[in-house]
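Understanding the architecture of this molecule
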There are 4 protein chains.
Amino acid sequence: MRDLVEIGMGRTARRAFGLDEVEIVPSRRTRSSKDVSTAWQIDAYRFDIPLITHPTDAIVSPAAAIAIGELGGLGVINAEGLWARHPNADDALTRLVDAAGSGPSGDEEVPLVPLLQELHAAPIRIDLITEAIKQVSAAGVTVAARVSPQRAAELTPALLAAGVEILVLQGTIVSAEHVTRDAEPLNLKSFIADLDVPVIVGGVHDYRTTMHLMRTGAAGVIVGYGSDYHVTTTGDVLGIGVPMATAIVDAAAARRDYLDETGGRYVHVIADGGVQTSGDIAKSIACGADAVMLGAPLARAASAPGRGLYWTTAAAHPSLPRSQVVPMIPDDYQVDLRTLLFGPSNTADGEINLFGALRRAMAKTGYSDVKEFQKVGLTVRA
Amino acid sequence: MRDLVEIGMGRTARRAFGLDEVEIVPSRRTRSSKDVSTAWQIDAYRFDIPLITHPTDAIVSPAAAIAIGELGGLGVINAEGLWARHPNADDALTRLVDAAGSGPSGDEEVPLVPLLQELHAAPIRIDLITEAIKQVSAAGVTVAARVSPQRAAELTPALLAAGVEILVLQGTIVSAEHVTRDAEPLNLKSFIADLDVPVIVGGVHDYRTTMHLMRTGAAGVIVGYGSDYHVTTTGDVLGIGVPMATAIVDAAAARRDYLDETGGRYVHVIADGGVQTSGDIAKSIACGADAVMLGAPLARAASAPGRGLYWTTAAAHPSLPRSQVVPMIPDDYQVDLRTLLFGPSNTADGEINLFGALRRAMAKTGYSDVKEFQKVGLTVRA
Amino acid sequence: MRDLVEIGMGRTARRAFGLDEVEIVPSRRTRSSKDVSTAWQIDAYRFDIPLITHPTDAIVSPAAAIAIGELGGLGVINAEGLWARHPNADDALTRLVDAAGSGPSGDEEVPLVPLLQELHAAPIRIDLITEAIKQVSAAGVTVAARVSPQRAAELTPALLAAGVEILVLQGTIVSAEHVTRDAEPLNLKSFIADLDVPVIVGGVHDYRTTMHLMRTGAAGVIVGYGSDYHVTTTGDVLGIGVPMATAIVDAAAARRDYLDETGGRYVHVIADGGVQTSGDIAKSIACGADAVMLGAPLARAASAPGRGLYWTTAAAHPSLPRSQVVPMIPDDYQVDLRTLLFGPSNTADGEINLFGALRRAMAKTGYSDVKEFQKVGLTVRA
Amino acid sequence: MRDLVEIGMGRTARRAFGLDEVEIVPSRRTRSSKDVSTAWQIDAYRFDIPLITHPTDAIVSPAAAIAIGELGGLGVINAEGLWARHPNADDALTRLVDAAGSGPSGDEEVPLVPLLQELHAAPIRIDLITEAIKQVSAAGVTVAARVSPQRAAELTPALLAAGVEILVLQGTIVSAEHVTRDAEPLNLKSFIADLDVPVIVGGVHDYRTTMHLMRTGAAGVIVGYGSDYHVTTTGDVLGIGVPMATAIVDAAAARRDYLDETGGRYVHVIADGGVQTSGDIAKSIACGADAVMLGAPLARAASAPGRGLYWTTAAAHPSLPRSQVVPMIPDDYQVDLRTLLFGPSNTADGEINLFGALRRAMAKTGYSDVKEFQKVGLTVRA
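My aim in this report is to walk through the structure given alongside it, one point at a time.

Rules and cut-offs
Positions within a chain are numbered from 1, following the residues in the order the chain's sequence is written. Chains and ligands are labelled sequentially in the order written, the chains with letters from A and the ligands with numbers from 1. Residues qualify for local features only when their pLDDT is at least 70, as the model is predicted, and side-chain atom pairs are given and counted only at 80 or more; totals for whole chains, interfaces and linings, by contrast, use all residues. When the copies are superposed, the least-squares fit draws on C-alpha atoms of residues that have pLDDT of at least 70 in both. The contact criterion used is a C-beta to C-beta distance within 7 Å, with each C-beta placed from the backbone. To qualify as a helix, a DSSP run of H or I must reach at least 4 residues; to qualify as a strand, a run of E must reach at least 2; elements of each kind are numbered from the N terminus. Under the scheme applied, nonpolar residues are Ala, Val, Leu, Ile, Met, Phe, Trp, Tyr, Cys and Pro; charged residues are Asp, Glu, Lys and Arg; polar residues are all the others, including Gly. When DSSP finds two or more bridges between two strands, those strands count as paired. Each axis is a line fitted through C-alpha atoms, and for a helix only the stretch in contact is used; angles between axes span 0 to 180 degrees, taken between their N-to-C directions. Any angle that falls under 35 degrees is termed roughly parallel, while one over 145 is termed roughly antiparallel, one within 65 to 115 roughly perpendicular, and all others oblique. Definitions for this section: a left-handed crossing has its near helix turned counterclockwise from the far helix by less than a right angle. A right-handed crossing has that turn clockwise.

**Thoughts on the relation of the copies chain A and chain B**
Of the two same-sequence chains, chain A is brought onto chain B (RMSD 0.0 Å, axial shift 0.0 Å) by a rotation of 90°. The transformation relating the two chain copies, once decomposed into turn and shift, fits a four-fold axis. Mapped onto chain B, only 2% of the interface residues of chain A again fall at the interface, so the copies present different surfaces.

Next up, the structure:
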């Protein structure tokens, strides 16, 4: 079947697929889970599991970033979030949790966007974000922080000074070619070239922008921005979106072509969107991702700062919010982070033992490392 | 993929797509929202935003038409609606709102069709509609009114005398070739040729009828009639309908071919249907529309005469109604019209800041005007 | 797009479409409703509207058959139903209605199948069915009755003697070639040849069986058996079914080929299934049907013997029922039969003014008779 | 239509279909139900109906296995389940049923996975499973038991000694080529060759693994593992799955090719998944299965040990459960096993008279045995 559909006279649209439409096909071989490695490495930094957090205050505090790092993943602190704006970010989060108190539970939105907007109206303080990053750094885990393209030039020096080892430059939609009349846009290529730390940049949704961003010198490119998920509402608000299975496959094609173009430079593809269960993590890798940027599934950790609430940074936009605030779990369902990531699970819904499940999915289909697993067979229900 | 499907032996059907099935794809470039223009122009009339109202009493009173005009859109008064039939239309609307009082909220229909039928059984009074139009005209905004093909010949002279500057000739399905045995049908071509004001005509659902209507001299053609929406029930009642994405693309193809045929006459395509959120507005333009005819989303304005209820004129048909009466919003969710159109929004559902969102969608995909944005890439989920 | 899908290695399945997946496309012409004829004729019998009733006791009593006939349709009495088994069928129906009394309303099933089975365990009495048919005949309308293939030979002589003018020979799935070891199967060809009245036979779901049945001399072939509808459960119970749009198109192809083969013998295609609204009636004709066999929509008539309950004859099967008993309407929503068929309607859901809506659908797309309307353009949402 | 879809640049996925997407097409011939045989034979064992049970304690106790055998099917005892671990398995089941007591009914999950995990933490006792098998054997029906690949070598000798006649070697996903570094994996080929009883092995999801397993000498291959069903959550947890219609068709292709390769060795294809109704049983055979492995539908039997609860063995996995525990029925809806299998039914939902319905589906489409029915025509709704 061709990938173009004529949706009307003289106009074609690309057929695109979500993670919910694909499934992994077992192959002729199975393998013991013990013989499987889920490790990956970006620049000099090695991780036991292909997990980067979405940089939302709902799941990443300095303490949570340390815990995630100690368990083999990478927590990313939002350098423009509550920890950068409030001396006591925990109090701010308590206001949110209290306001949600009488709300529904089980994946229904609660009207907390106005409160998030108010909390983000406080100015960013370099001293606060510096303190937060130093706290993570002191624990000995890899330190990462996120800035937006708009504020990258302003905030990055302080972040590096505080000890950031991996910089995440992330907006809803980022291009290598931002046009503006009344300000000097960020020149990504020179910005990255001037830095001594690896930069992960995104989100992108198409092959060409991925190529462009790879050519800026980025160490990793983020595909999606929580797309496909009812928390993120980019589709409702802007009409923009590419279902994640297709978006990841396209970015992986860019990675391959850029590798060829450069004779060997490998830029990582990090999938940010569409993941609700451990099965979705496996599918993201199967579509070609090197790692997943996890958001909502981590809100179930007892240590998550949002205490069960989840939102992305887009929820706090002052004039056009593009994320709901969603209670992910009933109060009594929180689990400790280690169990959430590695089990044992006592539920069959794919929400606990997230990376034990990835390991088993790889074993059941006969693959022993993440890079190989990107080639596993897929079916599609469309 | 071909656009024809063999649905049985020897019979093909055209594959057609709704706005909910397409999504806009970001491109390699992004742009500042400030550098984007959403303006458009029809004949001598220029508008800041590509917004025409569906001509229903639920959202357009003389006062509402003035407010919409002052904010850069075009309000269209229904010359066959309540303002044309009742000396105090507000009282009639109060009866409706009171009758709905104990009804459900949140997009469920209420059984108000019989009351609407009763209210529309009163005769049209030229003096009343003249007064309504003069009220709008006096405010200095562009004045538009809608007539049906059946009553166009009878009502138009009075409308023009009252000050109408753009005439909207609109029925559920309009053709350039109406056949009838016992009356002289409206000859659209000579009707339009004899007028001094631009005429917008529709709704149409296919390429050929769009071409025919363009050839009558119309300044704009309306695609759809609230199609794809649960308020409008043309599909349930008549089995007729073309999903809006395909319908808009086809009409845009007719616009292009007619432009070529005439060596430069540009007839505007106005999309009327399938729009629930700001994302749908962006998708309508992306499919090729020059402007959108908005209905239900405007029912959320505090100033909407229907006070949160929405229906189209087809709801009042004496023997075969084809529109439900639907409460669009809980009482405490109304916003002022300016905020509805331009924000700021404090909700992530795409229902507020409708045209700020369009501006941002264009910026995020690198386009600077409406005409260019019609070429943006699309994906389809089918 | 080809009509075959490879569902696995070496195995193809036919793509098939339901009425809910197709929509009618307006054409370049519109027409006045007054200039449209919905009449059709089978053998010597002419009807104002293309309506035959599904032969269920839920909607057809002798009185209801008379009322339907007087309004231009054809009511079919089930010669194996309650009127054939109980001296006072109304009492039997009252038992059903009473048993349903405390049940839900609004399209949910009630567990009345066991009671229907019990009521159908009574033997068929020739005197009772004779009396019922004579009652209809005395009113001067066309008289039709339904028998199953199993009992056709036994019951038909009495039915003809009582005055039946059109015989409906109907089972869930009927073929021209029934194989059985321990009894002589009905030879349809000689059975029909020996009769002086036109025979309508079905249901069928494919082209080849339709051709075979046309060759037996049938005057009409019934496509479907209430298929596509939640009342009928042939798919759940037997796994058998062809969505109605495809089934009707295929039967129409057989009609065309048989017409060619015989040099002019026109056998009518009657669609029995998938119809919930007036829009579905229009779509059935648009797919190629000459008439529709209506069931559930007629349960809303105040005169329907089931008093709002609906079921097909398959509900009473002694060991394998294949129809639910479903309350179609709240008690206060019944309308008189004339209004149900011809309006005026005061609701926008396509459930009232069923044939006024068909007339309008034809007018809006420019067609003036049923035969022409079979050629109208279609879109499909798949 | 081709069976490959390009889901992104340079990556294809196989289109796959579930049983819910296919329907059986009637053919030109019908037949009397009495002339239909549903019998099948594996090795020397003949069965009246193509029914093997899924080896879960929810539906198979020794007593239930006897009852199923006496009615013409094959009950499979789980040699690693509760009867192998608890001297009084009925008490263990009572604990489950009591814990579920206040839970919902009607296909909603209850949080009983932790209790199942606890009950399965008890060690397997050879004496207990021996006793259970001898009980079945004493009744004179064919005796079958299930082991996992991990414990097959350890448990099989005792099972054979106890009287097992057919061995079912079943895991979620089984291959002929299991790779492990720290233990000697089971060599299926020599394992099977050394046994005197026929071995049924699975689950598999693809053509190649099916071929490999057939080449190990298996008498039957199980396709799926309760796939497509909301009870089983392999897709949510592992992202793995192939919709059953495609999986069965592919396995049947392997059966055909293996038959050719060996010049006549026929290995049976047993479908385990996607069956909720009698219609699904018919569809499984129609796709190419020789028999179905039934699970949830048998939970409705009054004699089912789970007393209305259903789960698969994967629910008890100590660290990564992949099955919910689901109450299948309201308490008062249980039916005796004979009625469940052979009717009469007094409900139209396809849940009673499961194999009477299969017989009728074959008759209505003109087929007289299971092998022929594998060729019946299919439609697909995609």
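**A look at the interface of chain A and chain B**
Each partner contributes residues to the interface: chain A has 48 residues there, and chain B has 48 residues. Listing elements by their share of the side of chain A that touches chain B, those giving two or more residues are β1 (4–8), β2 (11–15), α3 (113–119), β11 (177–179), α7 (207–215) and α8 (234–238) of chain A. Looking at the side of chain A that touches chain B, the element that brings in the most residues is β1(A), giving five residues. Broken down by class, the residue content of the side of chain A that touches chain B amounts to 20 nonpolar, 16 polar and twelve charged. Taken together, the two bridges between β2(A) and strand β18 (residues 378–380) of chain B define a ladder with parallel strand orientation. Looking at β18(B), one finds that Arg14(A) is bridged to Thr379(B).

**Observations concerning the interface of chain C and chain B**
Taken residue by residue, the interface counts 49 residues in chain C and 48 residues in chain B. For the side of chain C that touches chain B, the element with the highest residue contribution is helix α10 (residues 278–287) of chain C, accounting for six residues. Its residues assigned to classes, the side of chain C that touches chain B comprises 19 nonpolar, 16 polar and 14 charged. Pairing of strand β11 (residues 177–179) of chain B with strand β4 (residues 29–31) of chain C, which is carried by three bridges, proceeds in the parallel orientation. Along β4(C), the bridge assignment pairs His178(B) with Thr30(C).

**So, the sheet that holds strand β18 (residues 378–380) of chain C**
Taken in spatial order, the four strands line up as β1(B)-β2(B)-β18(C)-β3(C) in an open sheet, and their pairing is mixed. Among the strands making up the open sheet, the edge pair consists of β1 (4–8) of chain B together with β3 (22–24) of chain C. For this sheet, the mean angle separating the axes of adjacent strands, direction not counted, is 45°. Relative to strand β2 (residues 11–15) of chain B, β1(B) runs antiparallel, the two sharing four bridges. By the bridge assignment for β2(B), Leu4(B) is matched with Arg14(B).

**Details of the arrangement of the chains**
In this structure chain A stays clear of chain C, and the shortest span between their C-alpha atoms is 10 Å. The two units chain B and chain D remain apart, with a minimum C-alpha distance of 10 Å.

**Describing the packing of helix α7 (residues 207–215) of chain C against helix α9 (residues 244–262) of chain C**
How two helices pack is summed up by the angle between their axes together with the distance between the axes. Residue and element names in this part refer to chain C. At their nearest, the axes of α7 and α9 sit 8 Å apart, and the two run at 45° to each other. If you check the angle between α7 and α9, you find them oblique. Considering how the two elements wind past one another, α7 and α9 form a crossing that is right-handed. Contacts between α7 and α9 pair Tyr207, Thr210, Met211 and Met214 from the former with Asp250, Ala251, Ala253, Ala254, Asp257 and Tyr258 from the latter. Its residues placed into classes, the contact of α7 with α9 shows seven nonpolar, one polar and two charged.

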